[in-house]
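Listed below are the residues making up each chain.
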Number of protein chains: 2
Amino acid sequence: MATATTNSTRDQLFHTASQMFCEKGFHATSIRDIAERVGIQGGSIYSHFESKDDLLWSIVQHAADRFFSAIRPVAGADMGITQKLRKAVITHAEVITSDLDAAAVYTVEWRHLSPERRAEVTKLRDEYESIWRTMVDQGIREGYLAASDAAGASRFILSSLNYLFTWFRPDGPLTAEEVGTLIADYTFDGLRRRTV
Amino acid sequence: MATATTNSTRDQLFHTASQMFCEKGFHATSIRDIAERVGIQGGSIYSHFESKDDLLWSIVQHAADRFFSAIRPVAGADMGITQKLRKAVITHAEVITSDLDAAAVYTVEWRHLSPERRAEVTKLRDEYESIWRTMVDQGIREGYLAASDAAGASRFILSSLNYLFTWFRPDGPLTAEEVGTLIADYTFDGLRRRTV
DNA sequence: ATACCATCCTAACGAGCGCTCGTTTGGAGA
DNA sequence: TCTCCAAACGAGCGCTCGTTAGGATGGTAT
């Protein structure tokens with residue numbers, strides 16, 4: 001109660017749009033589709049969002065926020081780079097798995113935003129990647145990582161993580177932390193058997 | 001010359017559509033957009049393709065074909081699993097990098113096909129992944145790979161490969177083979193320094 | 001009781017969509 | 001020269017899109 005109006009129509013619209021943009025894509029989902037699923041008329045959406053672009057934008061912004069506020073404490077933590085990198089991978093996996101729809105929209109549908117906002121997202125992604133580059137750089141300098149190219153290595157780490165939303169299911173056999181740990185193992189130790 | 005009618009209008013439409021579907025997405029690209037870029041009227045497209053869905057379908061089919069006919073000889077080759085897996089990674093990377101637009105459409109836009117064709121693509125992807133699973137399985141049985149879950153390991157391999165189209169540029173510093181070799185190194189040896 | 005405001009409705013707008021159709025065009029074969 | 005046909009034109013069909021306008025409704029604060 002009190003100030004927060006959770007499960008308000010706006011929240012329902014936000015959540016439903018996230019779901020449908022993930023499921024069918026932004027342009028294949030109409031304003032009326034979303035409204036119908038929430039139980040109101042198409043035009044009524046405009047009491048809550050200024051435009052369809054605004055609706056997508058608020059979803060993308062919220063998703064970006066979640067990634068940043070999850071990774072920043074890890075990147076800034078006072079811990080060994082070995083554990084920090086593992087922790088970062090698990091954290092990223094947890095953000096994705098805790099809201100697959102949002103992750104999918106953030107990864108795939110963001111490019112249908114208005115040109116200005118698309119540029120803004122590009123900037124955010126660069127910023128996020130540079131946080132990873134800094135960590136990887138430290139790993140290289142301290143001799144923990146063998147890679148020489150921090151940017152390439154960061155991309156490699158993020159690629160398997162960002163693939164997660166295509167196959168991970170919350171009702172599957174793995175928890176978010178298990179899946180994060182598995183990816184961390186694969187990423188840092190490789191698939192090949194160590195002892196030869 | 002002779003029989004082949006390359007650079008025919010149909011080929012131009014195919015190529016241009018592939019480009020624009022990659023660039024803006026299927027639903028954000030109109031029939032008239034494509035036609036204009038080729039230099040004909042919107043209606044004229046229907047002299048070459050039955051529908052917009054048909055156009056997308058032919059692009060997706062062609063892309064799938066390229067993956068299959070590239071990987072099958074490798075999977076069936078008489079060579080050690082160590083080299084076979086490396087060769088397979090490089091091959092997949094070459095297919096992607098040799099036509100980034102097609103790879104992007106095949107990876108991202110296929111889901112906007114008609115339901116029947118979407119199901120067909122799902123089947124193809126499963127089939128393709130099972131080729132990889134068979135190779136990975138062999139790698140596990142022969143003790144080359146440490147992983148215990150062939151499906152998960154296959155997904156891990158393909159995830160960094162399928163991320164390629166988002167950042168690889170043919171005019172960049174790396175060739176297709178170099179990038180394939182790099183990904184193979186990362187994937188099988190891991191980012192961590194081996195000797196501790 | 002009254003005023004207010006957010007929310008939702010119905011109805012409609014203009015634009016653009018995929019696609020069709022009757023027609024024109026221009027080159028190849030007889 | 002005449003015939004044929006694929007390819008392209010250009011108008012326009014039916015429809016859906018995102019968005020807007022004006023009015024009803026119902027709860028809250030005065």
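That block above? That's the structure.
These lines cover the structure that appears in this document, whether it is placed above or below. Only a predicted model underlies this, so the values are computations on that prediction, with no experimental measurement involved. (Residues numbered from 1 in each chain as written. Chains lettered and ligands numbered in written order. Predicted model: local features only at pLDDT ≥ 70, side-chain atom pairs only at ≥ 80, totals over all residues. Heavy atoms only, no water.)

Between chain A and chain B, the residue contacts involve 36 residues of the former and 36 residues of the latter. For the pair chain A and chain B, the two sides together bury roughly 3400 Å², of which 56% comes from carbon and sulfur. For the chain A face of the interface with chain B, the top three residues by lost area are A:Phe156, A:Leu191 and A:Arg192, together amounting to 23%. Where chain A touches chain B, the interface holds four salt bridges. The interface formed by chain A and chain B contains 26 residue pairs in polar contact (both at pLDDT 80 or more). (Contact = heavy atoms within 4.5 Å. Buried area = accessible area lost by both parts, 1.4 Å probe. Salt bridge = Lys/Arg side-chain N within 4 Å of Asp/Glu carboxyl O. Polar contact = N/O pair within 3.5 Å; in protein donor to acceptor, adjacent residues only side chain to side chain.)

These two copies of the chain differ by a rotation about an axis and a displacement along the same axis. For the pair chain A and chain B, the relating rotation is 180°, the translation along its axis is 0.0 Å, and the fit reaches an RMSD of 0.0 Å. Here the symmetry operator amounts to a two-fold rotation axis. For chain A, the minimum C-alpha distance to the rotation axis belongs to A:Gly190 and amounts to 1.8 Å. Residue by residue, 100% of the interface of chain A is reproduced at the interface of chain B, so both copies engage with the same surface. (Least-squares fit on C-alpha atoms with pLDDT ≥ 70 in both.)

Another point: the protein's contact with DNA strand C. Taken together, 16 residues lie near DNA strand C, and A:Gln41, A:Ser44, A:His48, B:Tyr46 and B:Lys52 sit nearest. Each atom of DNA strand C within 4 Å of the protein was assigned to sugar, phosphate or base; sugar and phosphate come to 55%. Between DNA strand C and B:Ser30, the relevant distance is 3.5 Å, taken from a phosphate oxygen to a side-chain nitrogen or oxygen of the residue. Contact between DNA strand C and B:Ile31: a phosphate oxygen at 3.0 Å from a main-chain N or O atom of the residue. (Near = heavy atom within 4 Å.)

Let us now look at the packing of helix H1 (residues 9–24) of chain B against helix H3 (residues 52–75) of chain B. Residues and elements named next belong to chain B. Where H1 contacts H3, the two axes come as close as 10 Å, and the packing angle between them is 90°. Our classification of the angle between H1 and H3 gives roughly perpendicular. Taken together, the residues of H3 that come into contact with H1 (itself represented by Leu13, Phe14, Ala17, Ser18 and Phe21) are Lys52, Leu55, Leu56, Ser58, Ile59 and His62. (Axes fitted to C-alpha atoms, helices over the stretch in contact; angles between N-to-C directions. Helix = DSSP H or I, 4+ residues; strand = E, 2+ residues; numbered from the N terminus. Parallel < 35°, antiparallel > 145°, perpendicular 65-115°, else oblique.)

Residue and element names in this part refer to chain B. Mapped onto the secondary structure, threonine 16 falls in helix H1. Classification of threonine 16 as buried rests on a relative accessible area of 9%. Here glutamine 12 takes part through its backbone oxygen, which lies 2.7 Å from a polar atom of the side chain of threonine 16. Not counting the four nearest positions on each side in its chain, threonine 16 is found in contact with Ile34, Arg37 and Val38. (Buried < 20%, exposed > 50% of the residue type's maximum accessible area, 1.4 Å probe, protein only.)

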